[in-house]
Amino acid sequence: MEERYLELIKIINEADYNYHTLDNPTITDQEYDSYLRELNKIEEEHPEIVREDSPSQRAGGKVLDSFKKITHEIPMLSLSNVFNEEEIRQFDSRIRKEGINPAYVCELKIDGLSVSLKYKDGILVSAATRGDGVTGEDITNNAKTIKTIPLKLKEKIDIEVRGEIYISKEKFNLINKAREEKGLDLFQNCRNLAAGTIRQLDSSVAANRGLDCWIYHLPNPRDYGIKTHYEALEFMKKLGFKVNPNNKLVEGIDGILSYIDEKAKKRESLPYDIDGIVIKLNNIDEQRVMGFTAKYPKWATAYKFPATEVYTKLEDIIFTVGRTGQITPNAILSPVIVQGSTIRRATLHNEDYVIQKDLMIGDTVSIRKAGDVIPEVVERLLDRRDGTERKFEMIKNCPICGSKLVKKEDQVDYYCTNPNCDARNIEKLIHFVDRHAMNITGLGDRIIEDFYNIGFIKSFTDIYNLKKHREDLIELEGFGYKSVDNLLNAIEESKNNSLERLLFALGIEQVGEKTAKILARKYESLDNLMNAKFENLTDINDIGDIIAKSIVDYFNSDENKKMLNSLKEIGVNTLYLGEKREEKDAFSGKTFVVTGTLLDFTRDEVKEKIEHFGGKTSSSVSKKTDVVVVGDNPGSKYDKAMALGITIWNEEELKEKFEGK
Ligand code: IVH
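The structure presented is a predicted model; accordingly, all values stated were derived computationally and were not measured.

What to know about the overall build of the protein
Item 1. Counting secondary structure elements, the protein contains 25 helices and 22 strands.
Item 2. By the compact-globule yardstick of 26 Å for 661 residues, the protein fits well, its C-alpha radius of gyration being 28 Å.
Item 3. Buried residues in the protein amount to 47% of all 661 residues.
Item 4. When the accessible surface of the protein is summed, it comes to about 34,200 Å², and 47% of that surface belongs to carbon and sulfur atoms.

What follows is the structure, given as C-alpha cells:
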C-alpha cells in the first residue's frame, strides 16, 4: 500500500506540473480524478502516513488564528524605479563606472506580491510574504494550494527561491463578476485580489481562487555554483518551478530598449498584469560588486511603464497637519480609476505649488499615476473653466486647533507651532507605532485617532499604559478579547526594541531612520546620546550642523527629558542591541576606498566591516585616503592610488586585517 501511495503522489504531482507549469497536460481529467480519489482514500484510512508533498495538501481547509512571523535570513528587497530611457542609461553608467561591461536579463515585472519559498531535502517547508523585508508572514498553507508551487522538487536539495504570486486577468474578472452579482465589494485590481487572497486565514479560500506563481530570484546562487542570473533561472526551471518564458538575456542599452518596446506592445494581450520591466545584471560576481542600498539591489532596477493620465474634477482643497505641524494642502477629487485603483485625493504639497499650477476649486484637472507612485495633479484645463470656479486661499490658522500658522525663514511650508495641537499629536503617535519605528501592529491610524479622541492615548507613555483599559477596550466595537490581547502583547514586545527604533519613533526633527541607526550605533545608549555635545555630533560622518542642532535642542527640552524618563521607567529599552563596534588599529580612524570585484564581500559588506572596526569609507581616492583595497579588474582608482603612493591591500590582506588584532 505504501508503495502505491508514493506512486500516486508522484503521478499526481507530475500531472499537476505538466498541466499547470508546462501547460502541457499528459493525462485526462478522468484519469487525474481517479488517481486523486485513490490517494484520498488511502490517506483517509491511514492518516498517519500523510506526506508533506502529497497533492492532498493543496486542497486547503486548514484555518489559522493568525499568521506566524518568519524572519528572512536574506532581506527581501524591493527594486529602484526608472521611468525613461535617460534613467535607464544612468543605471547602466553606474554599473560601467565600476569597470563592468554588463550583460542584462530583462524580465516582465509581474503585478502581484512577492513570496519566499524554502525547501529542505527538496520538500516545501515554508512560504513567507515580504512583509517589511526582514520579517514576513508565514503563508505556507495558502502557498501549498498554488499548483505551480512544487511541493517536492526534482532534486533533494535545500534551497530558497523567490517569486511573485499573482492571479490571471481572467480569474480576476470572473471573481469580480460573481461578487458583483452577490452585491459584494469588488477587488480593485489583480494585485489587490492576489494579496487579499494570500492573507486569508482559511486556506480553502486561496485554493478556490486559483492563484499562480512565477519564480524569478535565487538569493544564494553561489551555494549551487551558479555564476549568472540566467543560469539561476534555468536551474530553478529544472527543479520544477514555473519560470517566465519572456525572460531574456540582452546586451547593451539597445537590447533593453527593444525588449521594453516589444513587451509594452504585448502588455494588453498578456493573460496577467505587468506594470513594467525588470532589468538585472546577469553576472553574479558583478552583482556583488554593485551591492545593495538599504532598500534596493544596485544591480537591478524596474522600468515602469509610462503613467496614465485621466481627467477629473478638483472638488475641494483641504488642509492636513503633519506631526511636525507642517500644513499640507490636499486635492479632493471626484473619484476616478487610474491603473486599476480609485483615486480620491492627491497631495498639493504647499501653497506655492498650488499657485504655480494656477489651480482653482472646481477646475477640471489631469491626474497622473505611475505604478505605486503617489498620484499627482498635472495641470488644470483652462478651457474647461466656466466661471463657477473658486479661488484657492491659503489658510492662516491651523484647521484643527485654530492657532496662527507660521512660515519658517526661507521655507515654503506653513507650520502649526502649537505643541498641543491634536492633529500633530495624533500624527506623532501614528509615527511612533509605525513599522519602521516601534513597530506596534494592531494600532492603525484610525485606531490611534479613536483612542486619542476617547482619551486612552494622548502621549507615548499612554501607549504603554493602555493595558489599564483592557476591559474597556474589549467592549469597543470591532475589538474582542483576542484582538485586544494581541495588541497589548505587541505593545509589550515593542519595549524590547533596539535603540535606533526608539530614536526614529520619537520623531526628532531631521532624524530619519538612517540617522537614528548611526546615532544608536555610535552612542549605544540613550543616556550617552542625551549627554552628547553639538561638537561630538558634528564629528560623526553624515551628521551636519542642522541635524546636530535639532538633536541637542530636542534633548535640552525638559518636557522631552521627562517623557523619556517615564518611557524608561515603564521598561522601554534604551540600549543599542545591534552588533557593537570593535576598534582595530589597522582600521581605526583611517579612510578606505574599495575598487574592483572582491570575491567574498559585497560592497556594502566590506563597508560595514571596515566601519565596524573603526574605519571610514569613501568613494574617491585623494591624499586623505589611507588605504585602497583592490579587487579584480580595478578601475582608475587603483592607478590614482599608485600615483599618490597610498597603501594598497588586496582581498587576502584585507581579510588578514579583519581577522587580526
Ligand atoms: S526581482 C533582489 N523580478 O517587484 C530582487 N521582482 O517593485 C528583487 N517583481 O518586490 C526582486 N516581477 O515583488 C523581481 N521579474 C521580477 C519581478 C519582481 C515583479 C516585484 C517584486 C518586488 C517588486 C519591486
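Quick look at the sheet that holds strand β2 (residues 81-82)
The pairing of strands in a sheet happens through backbone hydrogen bonds and is either parallel or antiparallel.
Item 1. Read across the open sheet, the five strands follow the order β2-β11-β10-β3-β9; overall the sheet is mixed. The open sheet has two edge strands, β2 and β9 (248-251), and neither has a second partner.
Item 2. Against the sheet, helix α9 (residues 252-266) engages β3 (103-110), β9, β10 (274-281) and β11 (300-304), with an angle of about 135 degrees to β9.

Observations regarding empty space enclosed by the protein
Here the idea is plain: a probe the size of a water molecule rolls over the atoms and shows the empty space left.
Item 1. This structure, assessed with the given rule, holds three cavities of 30 Å³ or more.
Item 2. There is about 40 Å³ of room inside the largest cavity.
Item 3. The wall of the largest cavity is formed by Glu107, Leu108, Ile110, Trp214, Ile215, Tyr216, Asn244 and Asn247.
Item 4. Secondary structure elements with two or more residues in the lining of the largest cavity: β3 and β8 (212-217).
Item 5. Taken together, the residues of the lining of the largest cavity break down into five nonpolar, two polar and one charged.

Quick notes on unusual backbone geometry
Item 1. Its identity is not glycine, yet Asp23 carries a phi of approximately 60 degrees, on the positive side.
Item 2. Checked against the element boundaries, Asp23 lands in the loop between α1 (2-21) and α2 (29-45).
Item 3. In this structure Asp23 comes out as exposed when scored by relative accessible area, which is 67%.

Examining α2
An α-helical turn contains 3.6 residues, so any two residues separated by three or four positions project in the same direction.
Item 1. The end-to-end C-alpha distance of α2 is 24 Å, a good match for the 24 Å that 17 residues give at a rise of 1.5 Å each.
Item 2. Within the sequence span of α2, burial applies to Tyr32, Leu39, Ile42 and Glu43. Taken around the axis of α2, the buried residues stretch over an arc of 100 degrees, which confines them to a single face. Structural note: α2 exposes Gln30, Arg37, Lys41, Glu44 and Glu45 on the side pointing more than 90 degrees away from its buried face.
Item 3. Each element contacted by the buried residues of α2 is listed here: α1.

As for the packing of helix α21 (residues 545-556) against helix α22 (residues 558-570)
Item 1. At a minimum axis distance of 5 Å, the contact between α21 and α22 shows a crossing angle of 75 degrees. Classed by the angle they form, the pair α21 and α22 counts as roughly perpendicular. On α22, the residues touching Tyr554, Phe555 and Asn556 of α21 are Asp558, Asn560, Lys561, Met563 and Leu564.
Item 2. Here the residues of the contact of α21 with α22 are counted per class, giving four nonpolar, two polar and two charged.

Remarks on the site of the ligand
Item 1. Taken together, 15 residues lie around the ligand, and Glu107, Ile110, Glu164, Tyr216 and Lys280 are the ones closest in.
Item 2. Within the backbone of Ile110, an N or O atom sits 3.0 Å from a nitrogen atom of the ligand.
Item 3. In the model, an oxygen atom of the ligand is placed 3.4 Å from a nitrogen or oxygen of the Ser114 side chain.
Item 4. Protein contacts shield 90% of the accessible area of the ligand, which totals 530 Å² for the unbound molecule.
Item 5. Among the elements of the structure, β3, β8 and β10 are those that each provide at least two residues to the shell around the ligand.
Item 6. If you tally residues by element for the shell around the ligand, the top one is β3, at four residues.

Some remarks on the environment of Arg323
Item 1. Its location among the elements puts Arg323 in the loop between β12 (308-321) and β13 (327-338).
Item 2. The class for Arg323 is partly exposed, based on a relative accessible area of 28%.
Item 3. Measuring from C-alpha to C-alpha, the distance between Arg323 and Tyr32 comes to 60 Å, with 291 residues separating the pair along the chain.
Item 4. With residues up to four places along the chain from it excluded, the contact list for Arg323 reads Arg424, Glu427, Lys428, His431 and Gly507.

As for the pattern of salt bridges
Item 1. This structure, assessed with the given rule, holds 37 salt bridges.
Item 2. Note that Arg222 and Asp600 form a salt bridge whose closest N and O atoms lie 3.9 Å from each other. Taken together, the residues span a long stretch of sequence, with Arg222 in the loop between β8 and α8 (229-239) and Asp600 in the loop between β19 (591-595) and α23 (603-612) at a distance of 378 residues.
Item 3. Among the ionic pairs, Asp485 bridges to Arg470, the shortest N-O distance being 2.8 Å. On the criterion of sequence distance, the pair formed by Asp485 in helix α16 (residues 481-493) and Arg470 in helix α15 (residues 470-475) is long-range, its members being 15 residues apart.
Item 4. Judged by relative accessible area, Asp485 falls into the partly exposed class, the value being 27%.
Item 5. In the salt-bridge network here, residues are joined through shared partners; they are Arg222, Asp600, Glu652 and Lys655.

Thresholds, definitions, all that
Counting from 1, residues in each chain are numbered in the order their sequence is written. Residue-level local features of this predicted model are given only where pLDDT is at least 70; pairs of side-chain atoms are given and counted only at 80 or more, and the full residue set underlies all totals for whole chains, interfaces and linings. For the side-chain quantities, the full set of heavy atoms in the structure was used; hydrogens and water were omitted. Secondary structure elements are defined from DSSP: runs of H or I of at least 4 residues count as helices, runs of E of at least 2 residues count as strands, and each element is numbered from the N terminus. Radius of gyration: over C-alpha atoms. The globule rule applied is 2.2 Å multiplied by the number of residues raised to the 0.38 power. When accessible area is computed with a 1.4 Å probe and restricted to protein chains, residues below 20% of their type maximum are described as buried, those above 50% as exposed, and intermediate ones as partly exposed. Here the open area of atoms and residues is found with the Shrake-Rupley method and a 1.4 Å probe, where only the protein chains shown may cover a residue. In short, DSSP must find at least two bridges between two strands for them to pair. Any two residues whose heavy atoms approach within 4.5 Å are treated as being in contact. Simply put, an axis is a line fit to the C-alpha atoms, just over the touching stretch for a helix, and the angle between two N-to-C directions goes from 0 to 180 degrees. Points on a 1 Å grid, built from protein atoms alone, make a cavity when a 1.4 Å probe fits but cannot get out and make a pocket when they are open with protein on both sides within 12 Å along at least 5 of 7 lines; residues with an atom within 4 Å of a point are the lining residues. Grid points are joined across faces, edges and corners, and a volume is the space filled by probe spheres set on the points. The nonpolar class holds Ala, Val, Leu, Ile, Met, Phe, Trp, Tyr, Cys and Pro. Asp, Glu, Lys and Arg form the charged class, and all remaining residues, Gly among them, are polar. For a helix, the expected span equals 1.5 Å multiplied by the residue count minus one. This arc is built from the directions going out from the helix axis to the C-beta atoms. Just so you know how the angles are binned, under 35 degrees is roughly parallel, over 145 roughly antiparallel, 65 to 115 roughly perpendicular, and the rest oblique. Whether a residue is near a molecule or strand depends on its heavy atoms: it is near if one of them lies within 4 Å of it. Counted as a polar contact is a pair of N or O atoms within 3.5 Å, where, for protein atoms, one must be capable of donating a hydrogen and the other of accepting one, and residues adjacent in sequence contribute only when both atoms are in side chains. In the sections that follow, a salt bridge refers to a side-chain nitrogen of Lys or Arg positioned within 4 Å of a carboxyl oxygen of Asp or Glu.

Purely geometric numbers; function is a separate question.
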